[in-house]
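Notes for the structure review
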Amino acid sequence: MTITFITGANKGLGRETARRLIERGHTVILGARDREQGEEAADALGARHVLIDVTDDASVAAAAADVAGREGRIDVLINNAGVHGPVGDPGDLTAADALAVLDVNLIGVVRTTTAFLPLLRRSDDPVIVNVSSGMGSLAFTHDPGRPESHVVVPLYTSSKAALTMLTTQYAKGLKDIRVNAADPGYTATDLNGHSGPQTVTEGTDAIVTLATEGPGAGTGRFVDRHGEIAWS
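Here we summarise the structure given alongside this text.

Each value, and the rule that gives it
Residues numbered from 1 in each chain as written. Predicted model: local features only at pLDDT ≥ 70, side-chain atom pairs only at ≥ 80, totals over all residues. Heavy atoms only, no water. Helix = DSSP H or I, 4+ residues; strand = E, 2+ residues; numbered from the N terminus. Contact = heavy atoms within 4.5 Å. Buried < 20%, exposed > 50% of the residue type's maximum accessible area, 1.4 Å probe, protein only. Pairing = 2+ DSSP bridges. 1 Å grid on protein atoms, 1.4 Å probe; cavity = no way out; pocket = protein on both sides within 12 Å on 5 of 7 lines; lining within 4 Å. Points joined across faces, edges and corners; volume = space filled by probe spheres on them. Nonpolar A, V, L, I, M, F, W, Y, C, P; charged D, E, K, R; others polar. Axes fitted to C-alpha atoms, helices over the stretch in contact; angles between N-to-C directions. Core = buried A, V, L, I, M, F, W, Y, C linked by side-chain atoms within 4.5 Å.

Our next topic: the environment of Val129. Along the chain, Val129 falls in strand β5 (residues 127–131). It is 15 Å that separates the C-alpha atoms of Val129 and Gly216, two residues lying 87 residues apart in sequence. When neighbours within four sequence positions are excluded, Val129 is seen to be in contact with Leu77, Ile78, Asn79, Asn180, Ala182, Ile207, Leu210 and Ala211.

Okay, structure coming up:
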């Protein structure tokens, strides 16, 4: 039985990923920082909720200890938790704004990955999926034919660009673990006021693909629902 831990899984892409992986036979541990919402989602889906705030060292350590005591390992870690941050004029940004976004979207991935590495290394085929975004792609955000080029979200885009690079470094450095990044695409979620043209199911296609590949699949890749895309 594949055991999968997903952060930020009480709604949106995380919840739909959990639903789809449970359908495929995964045992899903649903990570969420809100106890009530996390337990509601877990009960509805048939998952187990574990309280985790990826911005808090103690919370992340407690979540890893909880899983170590109950499941004993994980096979797949999906770093999904994310925040949007300010939209528009970057002249109004503050250092506090930047720290708040990076603390979830980038540093939270580092916290969670480090804490869960011992559990991943107990798996026969350990996998990390980082939920990044085409909004962090230089090519996409400079292509007037793509929706990514028509919005100004300075901190979200910067954090996702950093996350894709972090993914490549993990892939190079963690030889025993398959590490890839997923671009969900412009999906209707709370993060964008449900303005995206894709359904939440379409938005989870790449995440589910990376979480369910068999042993020997590649590492250090950036994948959307149509397949592998170039790092740029």
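There is more to say after this.
Once that is clear, we can look at the pairing of strand β1 (residues 3–6). The alternating pattern of β1 places Ile3 and Phe5 and Thr4 and Ile6 on opposite faces, both of which are buried. Sheet analysis places β1 next to strand β2 (residues 27–32), joined by four bridges and oriented parallel. Across the sheet, Ile6 pairs through a bridge with Leu30, a residue of β2. Of the strand pairs in this sheet, β1 and strand β4 (residues 76–79) are connected by three bridges, and their pairing is parallel. Within β4, the position partnered with Phe5 by the bridge is Leu77.

Next up on the list: the layout of surface pockets. Looking at the second largest pocket, its volume works out to about 160 Å³. Looking at the second largest pocket, the residues that line it are Thr2, His26, Asp75, Val76, Ser123, Asp125, Val127, Arg178, Ala211, Thr212, Glu213 and Pro215. Its residues assigned to classes, the lining of the second largest pocket comprises four nonpolar, four polar and four charged.

Let's shift gears to the environment of Glu36. Examined against the element boundaries, Glu36 turns out to sit in helix α2 (residues 35–45). Distance from Glu36 to Leu51, taken between C-alpha atoms, is 9.8 Å for residues 15 residues apart in sequence.

Turning our attention to empty space enclosed by the protein. Using the criterion set out here, one finds one cavity of 30 Å³ or more in the structure. Taken as a whole, the largest cavity holds about 30 Å³ of empty space. Taken together, Thr7, Val54, Asn79, Asn80, Ala81, Val104, Gly108, Val109 and Thr112 make up the lining of the largest cavity. With three residues, helix α5 (residues 107–120) is the single largest residue contributor to the lining of the largest cavity. Considering only residue class, the lining of the largest cavity consists of four nonpolar, five polar and no charged.

Here we take up the sheet that holds β1. Spatially, eight strands are ordered β3-β2-β1-β4-β5-β6-β7-β8 in an open sheet, and the strand pairing comes out mixed. For this open sheet the edge positions go to β3 (48–51) and β8 (227–229), each flanked by a neighbour on one side alone. Sheet twist, expressed as the average angle between the axes of neighbouring strands with direction ignored, equals 25 degrees. In this sheet, strand β7 (residues 222–224) lies alongside strand β6 (residues 178–182) in parallel orientation, the contact comprising two bridges.

Another aspect to go through is helix α9 (residues 205–212). With six of eight residues buried, α9 lies mostly within the body of the structure. Those residues of α9 lying buried are Asp205, Ala206, Ile207, Val208, Leu210 and Ala211. Looking at the buried side of α9, the elements it contacts are α1 (12–23), β4, β5, β6, α8 (200–203) and β7.

Okay, the nonpolar core next. Counting 28 residues, the largest nonpolar core has Phe5, Val67, Ile74 and Phe116 as its most contacted members. For this core, the leading source of residues is α5, giving five residues. When residues no more than four places from it in sequence are discounted, the contact partners of Ile74 are Ile3, Phe5, Ile29, Val67, Phe116, Leu119, Leu120 and Ser123. In terms of nonpolar packing, the next biggest core, distinct from the first, is built from 23 residues, Ile6, Leu30, Val76 and Val129 among them.

Treat this as a map of the structure, not an account of what it does.
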